[in-house]
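Chain by chain, the residues run as shown.
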Amino acid sequence: MYEDFLAKWKTMDFSAWNEMDVREEFIAPLLIFLGYGKGTIHEVIREKNLTLKNAFSRVGRKRVQIDYIPTIRLKSFWIIEAKPGNKKEMDMGDFLQAHLYAIHPEIQARFIVLINGWEIRIYDALTATEWEDTLYVFNQKSDENEFVKIIDVLGSKKMLRF
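Criteria and cut-off values
Residues numbered from 1 in each chain as written. Predicted model: local features only at pLDDT ≥ 70, side-chain atom pairs only at ≥ 80, totals over all residues. Heavy atoms only, no water. Helix = DSSP H or I, 4+ residues; strand = E, 2+ residues; numbered from the N terminus. Buried < 20%, exposed > 50% of the residue type's maximum accessible area, 1.4 Å probe, protein only. Contact = heavy atoms within 4.5 Å. Areas by Shrake-Rupley, 256 points an atom, 1.4 Å probe, with all protein chains shown as cover. Patch = residues over 30% accessible without salt bridge, like charges linked within 9 Å, V, L, I, M, F, W, Y side chains within 5 Å. Salt bridge = Lys/Arg side-chain N within 4 Å of Asp/Glu carboxyl O. Lys, Arg positive; Asp, Glu negative; His and termini not counted. Charge placed at Lys NZ, Arg CZ, Asp CG, Glu CD. Core = buried A, V, L, I, M, F, W, Y, C linked by side-chain atoms within 4.5 Å. Arc of directions from axis to C-beta. Pairing = 2+ DSSP bridges. Phe/Tyr/Trp six-rings, centres within 6.5 Å; stacked < 30°, edge-to-face > 60°. Lys NZ or Arg CZ within 6 Å of the ring centre and 35° of its normal.

### Details of the overall build of the chain
Of regular secondary structure, the chain possesses four helices and seven strands. When the helices and strands of the chain are listed from N to C terminus, the series reads α-α-β-β-β-β-α-β-β-β-α. For the chain, buried positions account for 48% of its 162 residues. Summarising the internal contacts of the chain: among those between residues at least 6 apart in sequence, 58% fall at separations of at least 24. Carbon and sulfur atoms provide 51% of the accessible area of the chain, an area that totals close to 8,400 Å².

### Overview of a negative patch on the surface
Together, Glu3, Asp4, Asp143, Glu144 and Glu146 line one region of the surface with negative charge. Of all the elements in the fold, those that place two or more residues in the negative patch are helix 1 (2-11) and helix 4 (144-154). Glu144 gets classed as partly exposed once you look at its relative accessible area, which sits at 39%.

### Some details on the pattern of salt bridges
Here the structure, examined in full by the defined rule, presents seven salt bridges. A salt bridge links Lys83 to Asp94; the shortest N-O distance between them is 3.6 Å. Of this pair, Lys83 sits in the loop between strand 4 (78-82) and helix 3 (92-103) while Asp94 sits in helix 3; the two residues are 11 residues apart in sequence, bridging distant segments of the chain. Each of the two residues, Lys83 as well as Asp94, counts as buried. The salt bridge partner of Lys87 is Asp91, with a shortest N-O separation of 3.2 Å. Where salt bridges share partners, they join Glu81, Lys83 and Asp94 into one cluster.

### Brief notes about the nonpolar core
Core analysis: the biggest nonpolar cluster contains 34 residues, and Trp9, Phe26, Ile27, Trp78, Ile115, Ile120 and Leu154 have the highest contact counts within it. Per element, the largest residue contribution to this core is eight residues, and it comes from helix 2 (residues 19-34). When near neighbours in sequence (up to four residues on either side) are disregarded, Ile120 contacts Trp9, Phe26, Leu30, Val113, Leu114, Ile115, Tyr136, Val137, Phe138 and Ile150. Ile79, Ala102, Ile112 and Ala128 belong to the second largest nonpolar core, which has 18 residues in total.

### So, helix 1
Listed in full, the buried residues belonging to helix 1 are Phe5, Leu6 and Trp9. Projected down its long axis, helix 1 carries its buried residues within an arc of 95°, all on one side. Away from its buried face, by an angle of more than 90 degrees, helix 1 presents the exposed residues Asp4, Lys8 and Thr11. On its buried side, helix 1 packs onto helix 2, strand 6 (119-124), strand 7 (134-139) and helix 4.

### Re the pairing of strand 4
When you tally the buried positions in strand 4, you get five out of five residues, the bulk of the element. With burial as the criterion, each face of strand 4 is covered, one bearing Trp78, Ile80 and Ala82 and the other bearing Ile79 and Glu81. Here strand 4 runs beside strand 5 (residues 111-115); their pairing, made up of five bridges, is parallel. Opposite Glu81, over in strand 5, you have Leu114 as the bridge partner.

### Comments concerning the packing of aromatic side chains
Considering all chains together, one arrives at 13 aromatic pairs under this definition. Ring geometry for Trp9 versus Phe26: centroids 5.4 Å apart, planes at 45°, classification tilted. With Trp9 in helix 1 and Phe26 in helix 2, this residue pair connects regions lying 17 residues apart in the sequence. You'll find Trp9 and Phe26 in the same group, each marked buried. Pairing Phe14 with Trp118 gives two aromatic rings, centres 5.4 Å apart and planes at 75°, and the pair type is edge-to-face. Here Phe14 is found in the loop between helix 1 and helix 2, whereas its partner Trp118 is found in the loop between strand 5 and strand 6, with 104 residues between them in sequence. Counting every residue linked through ring pairs, the aromatic cluster contains Phe5, Trp9, Phe14, Trp17, Phe26, Phe33, Trp118 and Phe147. Stacked on the ring of Tyr68, the Lys or Arg Arg23 has its end atom at 5.4 Å from the ring centre. Residue placement shows Arg121 over the ring face of Trp131; its charged tip is 3.8 Å from the ring centre.

Coordinates in, geometry out; function isn't part of it.
Put into structure tokens, the structure is as follows:
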């Protein structure tokens, strides 16, 4: 099954994609592929709004919105921060934004996933402090053996071990 998803991903051009395009056309199918969906024990919370307080506040922001929180039995194990595909490279600012969301007291997610279509970056929110501190980085050139690691780390049937 992952072979079809991977084959399609290898042909996609995200150059003109905004964040919503990446969310709807790439991330939503990826979540289904990984076994998450509305109305199941593997629920997906979309666009969760949080208030930032004191230590969590960023200059000029009092509220934030998390793009996706895949859950198992309503426990947040990981978050996804979507980025537009028209910017091919993500950066440290994207990581810091997602890290802030993951460690928020209402979320406390173990994993951070950054996705812009071109690339999927997975971080451990408990140990990552730098851009290079990834657990895994996948892109359109990743082979099937590498891509299977996404299932091993993020798949709904595997996540309970954390």
